[in-house]
Amino acid sequence: MSRVPAPAAHAYGPGPDQFLEVTLPGGDAPAPVVVVVHGGFWRAPYGIELARPLAADLAAAGWAAVAVEYRRVGAGGGWPTTLADVAAALDALPDLPVAARLDLTDVTVVGHSAGGHLAAWAAGRSRLPDGAPGASPRVPVTALVSQAGVLDLDAAVAAGLGDGATVDLLGGTPAEVPDRYAAADPVRLLPTGVPALCVHGEDDTTVPPEQSRRYAAAATAAGDVVEVAVVPGDHMAAIDLDGPAWRRVVEWLTARRTAAADRTTLES
């Protein structure tokens, strides 16, 4: 892999946690984009440092990598701020100084844990009604990778995942704030119309693999193409650069990029 420059930070909002970091591959041509959304059950102690190694690895392999920071619960986040921030970060991409290096016709969103929720939600934004946080996306998502993602919020609440993290994010249970769950739950925003990969560690007790399986079953029933890869490891194994989960992600992304290049060659 080639050496890549250090990431460049760009604000998409006025707050200290409203920024993204772009790491570009070598060369001058536009590159396919992978947006990396970190996890941490949407809570303030966990930040963009979890996404940076993945972004650097992707840029070294030829993608324009965008790591996103956002306001989290306990630091100005929650409903609707956290979701609106992720939407704003994506929609800011065409205005960045480096926009000429970003192929915005090919934008994959990758997210781990709570970041998997936000990535899958971003993939379904086009189904949001007018006026909902994140509706009317400016930059369409063309593929999704969920790494041990929280993809079914009703099930997450029922299982008590993250010691009530979903309730903290949305400010209540599904019975108390049903409209928020309708607008925030990835499994309710299907079909997205984009291909997806759900990677999950078989020994994950933090976010059980059933989350990926439930989402994939619902997405497939709705007509989407979703692959589930259950691999050895626990919850954090999904973001281990040397582990099988990350290798599967890179393989999947590479196969998509190769197929896109082949189509371009045939059409030219």
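From a predicted model like this one, the values you see are computed outputs, not experimental measurements.

Participant: What's the story with the overall build of the protein chain in this structure? I'm lost.
Facilitator: From N to C terminus, the protein chain includes eight helices and eight strands. Taking 2.2 N^0.38 as the reference for a compact globule, 268 residues should give roughly 18 Å; the C-alpha atoms of the protein chain span a radius of gyration of 17 Å, in line with that estimate. C-alpha extents for the protein chain along the principal axes are approximately 50 × 40 × 35 Å. The buried share of the protein chain, reckoned over its 268 residues, is 54%. Of the accessible surface of the protein chain, which amounts to about 10,700 Å², a share of 54% is contributed by carbon and sulfur atoms.

Participant: Would you explain the side chain of Ser-146 in this entry?
Facilitator: On the secondary structure map, Ser-146 appears in strand β6 (residues 143-147). In terms of polar contacts, Ser-146 uses its side chain to reach the backbone amide nitrogen of Gly-149, at 3.2 Å. If near-sequence neighbours (up to four positions away) are discounted, Ser-146 is found in contact with Gly-111, Gly-116, Leu-151, Leu-197, Cys-198 and Val-199.

Participant: Hey, could you run me through the environment of Thr-108 in this one?
Facilitator: Assignment of secondary structure puts Thr-108 in strand β5 (residues 102-112). Taking the relative accessible area as the measure of exposure, Thr-108 reaches 2% and is therefore buried. For the pair formed by Thr-108 and Val-34, sequence separation is 74 residues and the distance between their alpha carbons is 4.8 Å. Look past the residues within four positions of Thr-108 in its chain and what remains in contact with it is Val-33, Val-34, Val-35, Thr-142, Ala-143, Leu-144, Val-145, Leu-253 and Arg-256.

Participant: Explain the side chain of His-38 here, please?
Facilitator: Turning to its location among the elements, His-38 is positioned in the loop between β3 (31-37) and α1 (52-60). Among residues more than four places away in sequence, those in contact with His-38 are Tyr-46, Gly-47, Ile-48, Leu-50, Ala-51, Val-68, Glu-69, Tyr-70, Arg-72, His-112, Ala-114 and Gly-115.

Participant: It is not clear to me how unusual backbone geometry should be interpreted in this structure. Could you clarify?
Facilitator: For the bond from Trp-79 to Pro-80, the omega torsion is -5 degrees, close enough to zero to count as cis. Counting through the fold element by element, Pro-80 comes out in the loop between β4 (64-68) and α2 (81-91). In this model, Leu-190 is joined to Pro-191 through a cis peptide bond whose omega is 0 degrees. Its place among the elements puts Pro-191 in the loop between α6 (178-184) and β7 (196-201). Positive phi values are uncommon outside glycine, yet Trp-42 reaches one of about 65 degrees. In this structure, Trp-42 sits in the loop between β3 and α1. Residue classification places Trp-42 among the buried positions, given a relative accessible area of 0%. In the Ramachandran plot, Asp-163 falls in the positive-phi region, its phi being about 50 degrees despite a non-glycine side chain. Assignment of secondary structure puts Asp-163 in the loop between α4 (153-159) and α5 (165-170).

Participant: Hey, could you run me through the pattern of salt bridges in this one?
Facilitator: Pairing between side chains of opposite charge can happen when the charged atoms of each approach one another. Counted by the stated rule, this structure contains 13 salt bridges. Put simply, Glu-21 and Arg-52 hold a salt bridge, and the shortest N to O gap is 2.7 Å. You can see Glu-21 sitting in strand β2 (residues 19-23) and its partner Arg-52 sitting in helix α1, a full 31 residues away along the chain. By relative accessible area, Glu-21 is classed as buried at 8%. Judged by relative accessible area, Arg-52 falls into the partly exposed class, the value being 37%. Two residues, Glu-69 and Arg-72, come together in a salt bridge whose shortest N-O distance is 3.3 Å.

The rules behind the values
Residues numbered from 1 in each chain as written. Predicted model: local features only at pLDDT ≥ 70, side-chain atom pairs only at ≥ 80, totals over all residues. Heavy atoms only, no water. Helix = DSSP H or I, 4+ residues; strand = E, 2+ residues; numbered from the N terminus. Rg over C-alpha atoms; globule rule 2.2 N^0.38 Å. Buried < 20%, exposed > 50% of the residue type's maximum accessible area, 1.4 Å probe, protein only. Areas by Shrake-Rupley, 256 points an atom, 1.4 Å probe, with all protein chains shown as cover. Polar contact = N/O pair within 3.5 Å; in protein donor to acceptor, adjacent residues only side chain to side chain. Contact = heavy atoms within 4.5 Å. Salt bridge = Lys/Arg side-chain N within 4 Å of Asp/Glu carboxyl O.

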